[in-house]
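Each chain is listed here by its residues.
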Amino acid sequence: MKLSHRITHLTPSGSDGWEVFYRARAMKAAGENVLELTIGEHDIRTHASILAAMNESAKGGHTGYASVPGTPELRKAVADRIQSRTGVATVPENILITPGGQAALFAAHNAVCDEGDTALYIDPYYATYPGTIRGVGAIPKAIPAFPENGFQPRADDIARHAQGATSLLINTPNNPTGAVYSKATLSAIADTCKTHDLWLISDEVYDTQLWDGTHISPRALPDMANRTLVIGSMSKSHAMTGSRVGWVCGPQDAIEHLVNLATHTTYGVPGYIQDAAHFALGQGTPLEDEIAAPFARRRQITEALLATQNIVKASPTQGAMYAMLDIRATGLSGLDFANDLLDAHGIATMPGESFGQAAAGHIRVAMTIADEDYAAALKTLLGFANDKAA
Ligand code: PMP
């Protein structure tokens, strides 16, 4: 039977950018010793106190259909958190609770793009972005952000692509580059959105992982709250990746329609998961800081080790749980470097090319293993790069 063009063309045929990751997993399954510095998964599990709240809620009976927009308590907790972090007045009616940030990204594009509309995103990009856009029938169009500019998109590049587009998706702190967009970058983005009447979809799932600079939510910039949909998630901030709980924050009329979309797609998020998320948010910043702390330490390890040599250069490493390393001095592509490193030392990283053209000649290292192992792996990686460059 014929399947829809939409689903069969969600991802382009040929390479999906995950070959090194799949190969590493296969090597591991075959019993080989492989260190994975690939995906954005914490090396700790969800905090015991959050699990206790989840368990209590489920045992207390919150296992039936939950309120589709989100429980009133969780919507309010998310709205309060956003208001206190950004200063923008935010009420529960501005929030839809979703099964993770990924579903929120899909819902947000669904809400603003019609079939055939152009949806912009920044390259390097989180791997699912173009597929998510295709999934709602829109046409993804990448705007490059170059390493020479610290992977911050430039105003003229955005403006050049904005003509006739419907939306622009940005992500700060950024996966995969570690860039945190500056006030100047975000102001230019906001101006372009207003000039070209674009929706801004702002993926802020790494908003608690900030090592340098300030996280600015573009919804807080002048006249942006009415054209911005913010994507949030408990995955990274609270090590709740498997719980699948996130949100869209936007204008009330947009959220009303998004609730209707949720009724016809997800039918909400399990009540005991929402109660656990509500409990977790209630712990405030101390818990968020505790969960972010290992990445802050490993980011310092990264900076210290990189300073001992001059072949591999770091990109910004301002935020998020990754270091994007510039390995162009070795003469290898990111893909060849990642494959050779895996074969030679059993260390798996992601080729920059997996995240778009602008990250060619880079590799992304996820700082997601214990400090000592991380430091040892990075030392080996740098030695390997040095040999290749010789
Ligand atoms: N946005 C970015 C930039 C991400 O890196 C991720 C997960 N790696 C997501 C969204 C989705 O996360 P989740 O669905 O777990 O909230």
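A quick note: this is a predicted structure, and the numbers were derived from the prediction, not measured.

A word on the nonpolar core. A general feature of soluble globular proteins is that nonpolar side chains tend to end up buried together. Ranked by size, the top nonpolar core spans 66 residues in total, and within it I231, V312, L325, F337, I363, Y374 and L381 carry the most contacts. Residue contributions to this core peak at 8 residues, all from helix α13 (residues 371-389). Structurally, this core is a two-domain feature, drawing no fewer than three residues from each of domain 1 (5-45 + 286-389) and domain 2 (64-283). If we skip the residues at most four places from it in the chain, I231 touches G101, A104, L105, A108, I201, S202, D203, E204, V205, W247 and V248.

For any two helices packed against each other, one specifies the inter-axial angle together with the distance between the axes. Two elements in contact, helix α11 (residues 284-306) and α13, have axes whose closest approach is 10 Å; the angle formed by their N-to-C orientations is 30 degrees. One finds that α11 runs roughly parallel with respect to α13. With respect to the hand of their crossing, α11 and α13 are arranged in right-handed fashion. Note on element contacts: α13 touches α11 through D371, Y374, A375, L378, K379 and L382, opposite R297, R298, I301, T302, L305 and L306. Taken together, the residues of the contact of α11 with α13 sort by class into 7 nonpolar, 1 polar and 4 charged.

Contact geometry of helix α3 (residues 48-59) with helix α10 (residues 271-282) gives a least axis separation of 8 Å together with a crossing angle of 140 degrees. By the angle between their directions, the pair α3 and α10 is classed as oblique. Of the two possible hands of crossing, α3 and α10 adopt the one that is right-handed. For the pair α3 and α10, contact is made by S49, I50, A53, M54, S57 and A58 and by G271, Y272, I273, D275, A276, F279 and A280, respectively. Looking at the contact of α3 with α10 residue by residue, the class counts come to 9 nonpolar, 3 polar and 1 charged.

So, on to the domain arrangement of the protein chain. Split into domains, the protein chain comes out as domain 1 (5-45 + 286-389) and domain 2 (64-283). Inter-centroid distance (C-alpha atoms) of domain 1 to domain 2 is 25 Å. Between domain 1 and domain 2, the residue contacts involve 37 residues of the former and 41 residues of the latter. Summing both partners gives a buried area of about 3,100 Å² for domain 1 against domain 2, and 55% of it is carried by carbon and sulfur. When the buried area of domain 1 at its contact with domain 2 is split by residue, E288, Q318 and A358 rank highest and sum to 21% of it. Counting the contacts that link domain 1 with domain 2 gives 4 salt bridges. Among the ionic pairs, R6 bridges to E115, the shortest N-O distance being 2.5 Å. Run the count over domain 1 and domain 2 and you get 20 residue pairs in polar contact (both at pLDDT 80 or more). Of all the secondary structure elements, the ones that give two or more residues to the side of domain 1 that touches domain 2 are α11, β10 (322-326) and β13 (362-366). It is α11 that provides the largest number of residues to the side of domain 1 that touches domain 2, a total of 8 residues.

What UniProt calls "domain: Aminotransferase class I/classII large" (unreviewed entry) maps, in this numbering, to residues 33-379. When the span residues 33-379 is considered, its composition is 39% helix and 16% strand, and the gap between its end C-alpha atoms is 17 Å.

The topology assignment puts F146 in the loop between β4 (139-144) and α7 (155-162). Along the chain, F146 and A358 lie 212 residues apart, while their C-alpha atoms are 5.7 Å from each other. The contacts of F146, once residues within four sequence positions are left out, are F151, Q152, R154 and D157.

Turning next to helix α8 (residues 183-195). End to end, α8 covers 18 Å across 13 residues, agreeing with the expected 18 Å (1.5 Å per residue, within 8%). The set of residues buried in α8 consists of T185, L186, A188, I189, A190, T192 and C193. Looking at the buried positions of α8, the neighbouring elements they touch are α7, β5 (167-171) and β6 (199-203). Once α8 finishes, D197 follows within two positions and takes phi at roughly 55 degrees, a positive value.

On to the side chain of Q318, then. Tracing the sequence through the fold places Q318 in the loop between β9 (313-314) and β10. Among all residues touching Q318, those that are not within four sequence positions of it are Q152, G178, A179, V180, L210, W211 and D212.

Cut-offs used in this document
Residues numbered from 1 in each chain as written. Predicted model: local features only at pLDDT ≥ 70, side-chain atom pairs only at ≥ 80, totals over all residues. Heavy atoms only, no water. Core = buried A, V, L, I, M, F, W, Y, C linked by side-chain atoms within 4.5 Å. Buried < 20%, exposed > 50% of the residue type's maximum accessible area, 1.4 Å probe, protein only. Helix = DSSP H or I, 4+ residues; strand = E, 2+ residues; numbered from the N terminus. Domains from an automatic or database assignment. Contact = heavy atoms within 4.5 Å. Axes fitted to C-alpha atoms, helices over the stretch in contact; angles between N-to-C directions. Parallel < 35°, antiparallel > 145°, perpendicular 65-115°, else oblique. Left-handed = near helix turned anticlockwise from the far one by under 90°. Nonpolar A, V, L, I, M, F, W, Y, C, P; charged D, E, K, R; others polar. Buried area = accessible area lost by both parts, 1.4 Å probe. Salt bridge = Lys/Arg side-chain N within 4 Å of Asp/Glu carboxyl O. Polar contact = N/O pair within 3.5 Å; in protein donor to acceptor, adjacent residues only side chain to side chain. UniProt positions renumbered as here; feature names shortened; annotations may be inferred. Expected span 1.5 Å × (residues − 1).

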